[in-house]
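Understanding the architecture of this molecule
Letter by letter, the chains look like this.
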Amino acid sequence: MSGAEVELETDRCVASGQCVVAAGQVFDQDDDGIAVLLAERPAPEHLDDVREAVAVCPAAAIRLLER
Amino acid sequence: MNRIVVVGASAAGLAAAETLRREGYEGTLTLVGDEPHAPYDRPPLSKQVLAAEWERDRLPLRRPGELAALGLDLRLGTAATGLDTARRRVRMADGGDVPYDGLILATGVRPRRLPGGGAHVLRTLEDALALRERLAPGRHLVVVGAGFLGAEAAAVARGLGVQVTLLEPAAVPLAHAVGEEIGRVLSRAHADRGVRLRCGVTVTEATGGGVRLADGGAVEADEVLVAVGSAPNTEWLAGSGLTVADGVVCDAYLEAAPGVYAAGDVARWLHPLSGTSLRIEHRTNATGQGMAAARNLLRPEARRPFAAVPYFWSDQYGMRIQAHGFLRGHDEVAVVEGALDDRRFVAAYRTGDRVGGVLAVAMPPAAVQRWRQAVAHRAPWGEHVRVTV
Ligand SMILES: Cc1cc2nc3c(=O)[nH]c(=O)nc-3n(C[C@H](O)[C@H](O)[C@H](O)COP(=O)(O)OP(=O)(O)OC[C@H]3O[C@@H](n4cnc5c(N)ncnc54)[C@H](O)[C@@H]3O)c2cc1C
Ligand code: SF4
């Protein structure tokens, strides 16, 4: 657990799967390809991968709120 | 390095700026954009924005706080007008001069237009809002060019009850990109929805009341949308010493000159996977290249060629199209999963003896990922594709 929280706007998602490639422990895709959040508060060791997912998501659908 | 300038404040430029900060760059970071808006996203313009499902407040790529956290010297609504690579300065429209130690060019492309006036193009937020204002049930829209952009706009307009005529110079839409058979399958979706598709027609002029054709004919319409490709924004680089040839010419590392990198739609680089010099107008390419250019600029000793597998998606009539790799110039196409007639399939594209690219329509993520892997590993064609024609 960490203080950082992932926010996913599924209605923006275009099903590219980039987040799953970047951070497979935190993201998955449903049958239509829409991203699914596996961990709202990812473990600290996954945060860099989540930052990568935020950066590569072509729909700007992911945010990492750090506090 | 204490002064980095990024020109072009959209997907590629923003990704470059963010990556510089993430990688620990603490110096001055100037982001120059000639549009008055903070970086916003373009793909929704021909989809949710045109359909009036999204208002403009959903378009910014980052929230104001996220942008502020980057500590940018942000110059919006100002164009860069010249580049002096010898003195390492960017000339600005307001007469100023911005010095740099490192420079990233991300000025994108602009739509090609037709002679004559009054036609719409679709590249900016203003373009999308102007077109959407004119779309109402019963009105007639002519779309010139049945590429992905024109096809998306036609689909949205049909959904709004607009009469749509789609004019395409080629015999089959998208044939050069995805092959004839798949091009035909994708364009059948338009016919099913009542779009009038006319192929093999060349438009010479937009007249205000429609378009004029090369064969002397004309098509009358209330509105005309021209979607016939784009041209890189490189004029301002004249005299800079950079090589410009349909884009800023870069090496495999996206470097155009010492300390000068390019990224996104404007960059022509040597792709190690394909062995050719190319320019790609895809959203993920813009982000990926922005990130790669930033890293290579910051750490030249650890620099890496940009070799990502190209990825593209498009939405038409609720049908999601996804493409990985290289489809253009393929030697053979084979349907490897699903069926063309269901408009639910994966098609593999052979280049030489390898799987060079795949195109998936309405397929689940596992299938798409599996084939993406085959493309990424340039899998041997014979082992992966059992041709069942
Ligand atoms: C309507 C539309 C729909 C699309 N849909 C998809 C899709 O579904 N899937 C997909 O993969 N891709 C899609 N794309 C393509 C994708 O949007 C582009 O690949 C991406 O925007 C490229 O980003 P960029 O930052 O390289 O260039 P751009 O987004 O073009 O940004 C360049 C910026 O630089 C500015 N600029 C230019 N010259 C200067 C100058 N001299 N000084 C200062 N600023 C300057 C421009 O005004 C612009 O703001 C679509 C594009 C459009 C237009
Ligand atoms: S990267 Fe973004 S668009 Fe792609 S599947 Fe993940 S959330 Fe959706």
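This structure is a prediction, so every number in the text was calculated from the model and none was measured. (Residues numbered from 1 in each chain as written. Chains lettered and ligands numbered in written order. Predicted model: local features only at pLDDT ≥ 70, side-chain atom pairs only at ≥ 80, totals over all residues. Heavy atoms only, no water.)

Observations concerning the sheet that holds strand β6 (residues 97-99) of chain B
Residues and elements named next belong to chain B.
- With antiparallel pairing, the three strands of this open sheet are ordered in space as β4-β5-β6. Both edges of this open sheet fall to β4 (80-84) and β6, since each of them pairs with a single strand only. Across this sheet, the average inter-strand angle for adjacent strands is 25 degrees, counted without regard to direction.
- Summarising the sheet, strand β5 (residues 89-92) and β6 pair through three bridges and their orientation is antiparallel. Opposite R89, over in β6, you have P99 as the bridge partner. (Pairing = 2+ DSSP bridges. Helix = DSSP H or I, 4+ residues; strand = E, 2+ residues; numbered from the N terminus. Axes fitted to C-alpha atoms, helices over the stretch in contact; angles between N-to-C directions.)

Here's the deal with the domain arrangement of chain B
Residue and element names in this part refer to chain B.
- Along its sequence, chain B is carved into domain 1 (3-110 + 230-302), domain 2 (113-226) and domain 3 (318-384).
- Using C-alpha coordinates to define each centre, domain 1 is positioned 30 Å away from domain 2.
- The interface is formed by 17 residues belonging to domain 1 together with 15 residues belonging to domain 2.
- When domain 1 packs against domain 2, the two sides together hide about 1500 Å² of surface, and 60% of this comes from carbon and sulfur.
- Its largest share of buried area at the contact with domain 2, domain 1 owes to L45, S46 and L50, together 39% of the area lost on that side. (Domains from an automatic or database assignment. Contact = heavy atoms within 4.5 Å. Buried area = accessible area lost by both parts, 1.4 Å probe.)

Observations regarding the environment of B:T276
All names here are of chain B.
- The residue T276 is located in the loop between β20 (267-270) and β21 (277-278) in this model.
- Taking the C-alpha atoms as reference points, T276 and A252, 24 residues apart in sequence, are found 9.9 Å from one another.
- In contact with T276, not counting residues within four places along its chain, are W269, L270 and H271.

Some thoughts on the UniProt feature "domain: Reductase C-terminal" (unreviewed entry) in chain B
- The positions that UniProt labels "domain: Reductase C-terminal" (unreviewed entry) are, in the present scheme, residues 311-380 of chain B.
- In the segment residues 311-380 of chain B, helix accounts for 17% and strand for 53%; the C-alpha atoms at its two ends are 20 Å apart. (UniProt positions renumbered as here; feature names shortened; annotations may be inferred.)

Observations concerning the site of ligand 2
- Residues in contact with ligand 2 amount to 13 residues; listed here are only the nearest, A:C13, A:S16, A:G17, A:C19 and A:C57.
- The class makeup of the residues in the shell around ligand 2 is 10 nonpolar, three polar and no charged. (Near = heavy atom within 4 Å. Nonpolar A, V, L, I, M, F, W, Y, C, P; charged D, E, K, R; others polar.)

Thoughts on the sheet that holds β21(B)
All names here are of chain B.
- Strand order in the open sheet formed by three strands is β17-β20-β21, and the pairing between neighbours is mixed. The sheet is open, and its two borders are formed by β17 (248-249) and β21, each paired with just one other strand.
- Across two bridges, β20 lies against β21 in antiparallel orientation. Looking across to β21, one finds that L270 is bridged to S277.

Things to note about the side chain of B:R132
Residues and elements named next belong to chain B.
- Looking at the element boundaries, R132 is found in helix α3 (residues 125-134).
- Separated by 2.9 Å, the side chain of R132 and the backbone oxygen of V49 make a polar contact.
- Ignoring any residue separated from it by four or fewer positions in sequence, one finds R132 in contact with V49, L50, A52, W54 and E55. (Polar contact = N/O pair within 3.5 Å; in protein donor to acceptor, adjacent residues only side chain to side chain.)

Things to note about the pattern of salt bridges
- Scanning the entire structure with this criterion turns up 37 salt bridges over all chains.
- Residue B:R295 is joined to B:E23 by a salt bridge in which the shortest nitrogen-to-oxygen separation is 3.2 Å. Note that B:R295 is positioned in helix α7 (residues 283-298) and B:E23 in the loop between α1 (11-22) and β2 (28-33), a separation of 272 residues in sequence.
- The partly exposed category is assigned to B:R295, whose relative accessible area is 24%.
- Residue B:R303 pairs with B:D251 through a salt bridge whose shortest N-O separation is 3.7 Å. You can see B:R303 sitting in the loop between α7 and β22 (311-316) and its partner B:D251 sitting in the loop between β17 and β18 (255-257), a full 52 residues away along the chain.
- One network of salt bridges, in which partners are shared, links A:E9, A:D11, A:R63, B:R58 and B:E66. (Salt bridge = Lys/Arg side-chain N within 4 Å of Asp/Glu carboxyl O. Buried < 20%, exposed > 50% of the residue type's maximum accessible area, 1.4 Å probe, protein only.)

Quick look at the confidence of the model for chain B
- Per-residue confidence for chain B averages 96 on the pLDDT scale, and 99% of its residues sit at or above 70.
- Across the whole predicted complex the pTM is 0.97, and at the interface the ipTM reaches 0.94. (pLDDT = per-residue confidence, 0-100.)

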